[in-house]
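Chain by chain, the residues run as shown.
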Amino acid sequence: MKIVRWICFVFSILLLIPQTVAAASYPTPVKVKLLPTATFLATVNGNYQLIDIKTKQVIPFTNPIAFSQTNGAVVATINGVSYTSTSGFLLDEVTRSEQHDVTIGSIQQAGGTSVPVTYRGSFEITPGATTPNLFNTLDMEDYLKGVVPGEMPASWHKEALKAQAVAARSYAYAQLKKSSFLQMTVASQVYGGKSKEQATSTAAVNETAGVYATYQNEPISAYFHSSSGGNTENSENVWSSAVPYIRSVADPYDRHASNPHYGWNTKAAANIVSSKFKLTNEQVVSLRVTQKTNAGSVQQMEATVYNAATGQKRVVQARPSFVSSPDAFRSFFGVSLKSIAFDVKGNANVKVKRADNSEQTLDHLAGYAIQTNSGQTLITVGNASIRTLNETIYYPTAPTEFTFTGNGWGHRLGMSQWGARAMAEKGFTYDQILKYYYKGIEVKKIK
């Protein structure tokens, strides 16, 4: 009888311990790393279960759940009661539903702010270096509903939105073959969750469900950008390796009155430019583009460097010693350049008359010799006094700033979003748009 009582006692205890149930499955799962603040609240809407990953224990909860990290372990606090796990927690959707979602109280945004964001799917909260990691797992189609309006205005033509949906779906699929998760930022694709969803972009996702851009039957890394500046580019002219479907195409569709990414200019201070070339007793007095592709992408630049103490000049090539790839020019000079389709000019350009009476335009005067009544004088860095008919003006002998002017926005690879918009408005279908920008592809449904 004692044995029977003991078995009954253990059985009754087991009945008191909540048991896990199978979580919802997603046909094509996508895992995204979110960026919450160090402590964040999760407010659940729908049928979810909270599980300690280490013990597999189901933890009853009410809203909200506060997550934080202490001594390398994740802490979930519910109604003032804390549960600590060295492995973290799952917040799993038990049954998949359109109505289910979880609101994370503080997701970090560009510029340092944080806002509440609502997401579909399930969640994994694991220990990070100092704060919890937060991963959102959901189906590809639901993921795209939060991506497409983050990458392209939802007010644009539906065929452009459909092209964006297929490009984003293909890109995500290809990236997940290389990595276990995607980022919520431009490092992968901008993902704004359920909070970002719009009816028009959701319709574009639904109408292309399961459709991919493929090359040799595999979904492609469908790179896309805002504006090509009139030409897209070969992949090896921007990053490193050649990709057969990322080939340069002329892009007249990209240039139209509503596209603001033509004729942009950005200024960089000369002393900052000099520091990027790791100069101490020298300074950059001239900066120029020496090589471009047929599509107009900068491939090489050189700087003329002047040493005021010795009066000597030397020429320095930017690549490969200082700039690893052509695309890296966009961030090298201490400012953000919208594309690598640019030219550059300093503010010390001047026309001079040489001893042989010929005229020449120079982009700086420092280091040149000037003929005076007492002989030749070496021009140094500073301001030169120039007498005109009416006054004396002072002109810089070396640039104090460089102005970059160019066209386009982004890496110029694959689909131009502004070009896709114009093509859609001209009657092209989404698959025609994709085949224009990605060479040799098929656009088809993959089961």
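Residues numbered from 1 in each chain as written. Predicted model: local features only at pLDDT ≥ 70, side-chain atom pairs only at ≥ 80, totals over all residues. Heavy atoms only, no water.

Asker: What exactly am I supposed to notice about the sheet that holds strand β14 (residues 211-215) here?
Answerer: Hydrogen bonds between backbone atoms are what pair the strands of a sheet, whose relative direction is either parallel or antiparallel. Pairing in this open sheet of three strands is antiparallel, and the strands run β15-β14-β30 from one edge to the other. Strands with a single pairing partner mark the edges of an open sheet, and in this sheet they are β15 (218-219) and β30 (442-445). As judged from the two bridges shared by β14 and β15, these two strands associate in the antiparallel manner. Residue pairing across strands places T214 opposite P219, the latter belonging to β15. (Pairing = 2+ DSSP bridges. Helix = DSSP H or I, 4+ residues; strand = E, 2+ residues; numbered from the N terminus.)

Asker: Quick question: what am I supposed to make of the sheet that holds strand β19 (residues 298-307) here?
Answerer: Taken together, the three strands give an open sheet; going across it, the order is β18-β19-β20, and neighbouring strands pair in antiparallel fashion. Looking at the sheet topology across the chains shown, the edges are occupied by β18 (283-292) and β20 (312-317). Strand-to-strand twist in this sheet, taken as the mean axis angle between neighbours without regard to direction, amounts to 20°. Pairing analysis gives six bridges linking β19 to β20, with the strands arranged antiparallel. (Axes fitted to C-alpha atoms, helices over the stretch in contact; angles between N-to-C directions.)

Asker: Help me out: how do you make sense of the pattern of salt bridges in this one?
Answerer: Two side chains that carry opposite charge are able to pair once their charged atoms sit near each other. Per the stated rule, a full pass over the model turns up 21 salt bridges. Here R169 and E141 are joined by a salt bridge, their closest N and O atoms 2.8 Å apart. Of this pair, R169 sits in helix α4 (residues 158-176) while E141 sits in helix α2 (residues 140-145); the two residues are 28 residues apart in sequence, bridging distant segments of the chain. Look at R169 and you get buried, because its relative accessible area is 0%. E141 gets classed as buried once you look at its relative accessible area, which sits at 16%. Residues joined in a network through salt bridges with shared partners are R96, E98, R120, D139, D142, K145 and E197. (Salt bridge = Lys/Arg side-chain N within 4 Å of Asp/Glu carboxyl O. Buried < 20%, exposed > 50% of the residue type's maximum accessible area, 1.4 Å probe, protein only.)

Asker: What is the right way to look at the packing of aromatic side chains in this model?
Answerer: Two numbers describe a pair of aromatic rings. These are the distance of the centres and the angle of the planes. Using the criterion set out here, one finds 20 aromatic pairs in the structure. Measuring from centroid to centroid gives 4.9 Å for F333 and F404, while their planes differ by 35°, and the two rings are tilted. Linking F333 in the loop between α7 (329-332) and β21 (342-346) with F404 in strand β28 (residues 401-407), this pair joins segments that are 71 residues apart in sequence. Of the aromatic side chains, those joined through ring pairs into one cluster are F277, F322, F329, F332, F333, F342 and F404. Just above the ring of F135 sits the side chain of K31; from NZ or CZ to the centre is 4.6 Å. In this structure, K439 packs its charged tip against the face of Y436, placed 5.4 Å from the ring centre. (Phe/Tyr/Trp six-rings, centres within 6.5 Å; stacked < 30°, edge-to-face > 60°. Lys NZ or Arg CZ within 6 Å of the ring centre and 35° of its normal.)

Asker: How should I be thinking about unusual backbone geometry in this particular structure?
Answerer: Backbone geometry follows two general trends: most residues other than glycine have a negative phi, and most peptide bonds adopt the trans configuration. The residue after N63, namely P64, is reached through a cis peptide bond having omega -10°. Note the cis peptide between R319 and P320, where omega equals 5°. Of note, P320 is situated in the loop between β20 and α7. Positioned with a positive phi, N71 is a non-glycine residue whose angle comes to about 50°.

Geometry only, nothing functional implied.
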